Amino acid sequence: MERWRGRIALVTGASAGIGAGLCRALVQHGLTVVGCARRVDRIKAISEEDALKDAPGKLVAIKEWCKAMKRDPKLNPELSASSVRDVCGDHFDVSY
């Protein structure tokens, strides 16, 4: 995992289950993780967990990635749409 340290990962479905677990693992290995989900408050709660506070990476919560970047590409220059090319984890669930 050393080669991924400092890279940016996009994880959808990041608020629970596999997506949340993937976020935790990637942050602990030094990646900057953009976590996308409808329940952004849960992603923020994950980022504040004791296990991640001293982790070398960081977790950023975003509800609507595409809309946010189209609206303002300078929203976060470090996490611009073009920069998320390192890792993409697609772990969303659709339930009715």
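This write-up is about the structure you can find in this document. Treat the numbers as computed from the prediction; the structure is a model and nothing was measured. (Residues numbered from 1 in each chain as written. Predicted model: local features only at pLDDT ≥ 70, side-chain atom pairs only at ≥ 80, totals over all residues. Heavy atoms only, no water.)

1. Comments concerning the overall build of the protein
Part 1 of the reasoning: Helix and strand counts for the protein stand at four helices and four strands.
Part 2 of the reasoning: The helix and strand sequence of the protein, counted from the amino end, reads β-α-β-α-α-β-α-β.
Part 3 of the reasoning: Here the protein holds 96 residues, and 40% of them are scored as buried.
Part 4 of the reasoning: Summed over its atoms, the accessible surface of the protein is roughly 6,100 Å², and 51% of this surface lies on carbon and sulfur atoms. (Helix = DSSP H or I, 4+ residues; strand = E, 2+ residues; numbered from the N terminus. Buried < 20%, exposed > 50% of the residue type's maximum accessible area, 1.4 Å probe, protein only. Areas by Shrake-Rupley, 256 points an atom, 1.4 Å probe, with all protein chains shown as cover.)

2. So, the pattern of salt bridges
Part 1 of the reasoning: In total, this model carries two salt bridges according to the counting rule given.
Part 2 of the reasoning: The partner of Glu49 in a salt bridge is Arg24, with the nearest N and O atoms 2.8 Å apart. Of this pair, Glu49 sits in the loop between α2 (40–47) and α3 (50–53) while Arg24 sits in helix α1 (residues 17–28), and the two are 25 residues apart along the sequence.
Part 3 of the reasoning: Since its relative accessible area comes to 26%, Glu49 is described here as partly exposed. (Salt bridge = Lys/Arg side-chain N within 4 Å of Asp/Glu carboxyl O.)

3. Some points on the pairing of strand β2 (residues 32–36)
Part 1 of the reasoning: Most of β2 is tucked away: five of the five residues are buried.
Part 2 of the reasoning: With α1 bridging strand β1 (residues 8–12) and the parallel β2, this β-α-β connection has right-handed handedness.
Part 3 of the reasoning: Here β2 pairs with strand β3 (residues 58–62) via five bridges, running parallel. Along β3, the bridge assignment pairs Gly35 with Ala61. (Right-handed = clockwise from strand over helix to strand, strands pointing away. Pairing = 2+ DSSP bridges.)

From the geometry alone we can't say anything about function, so treat these as descriptive.
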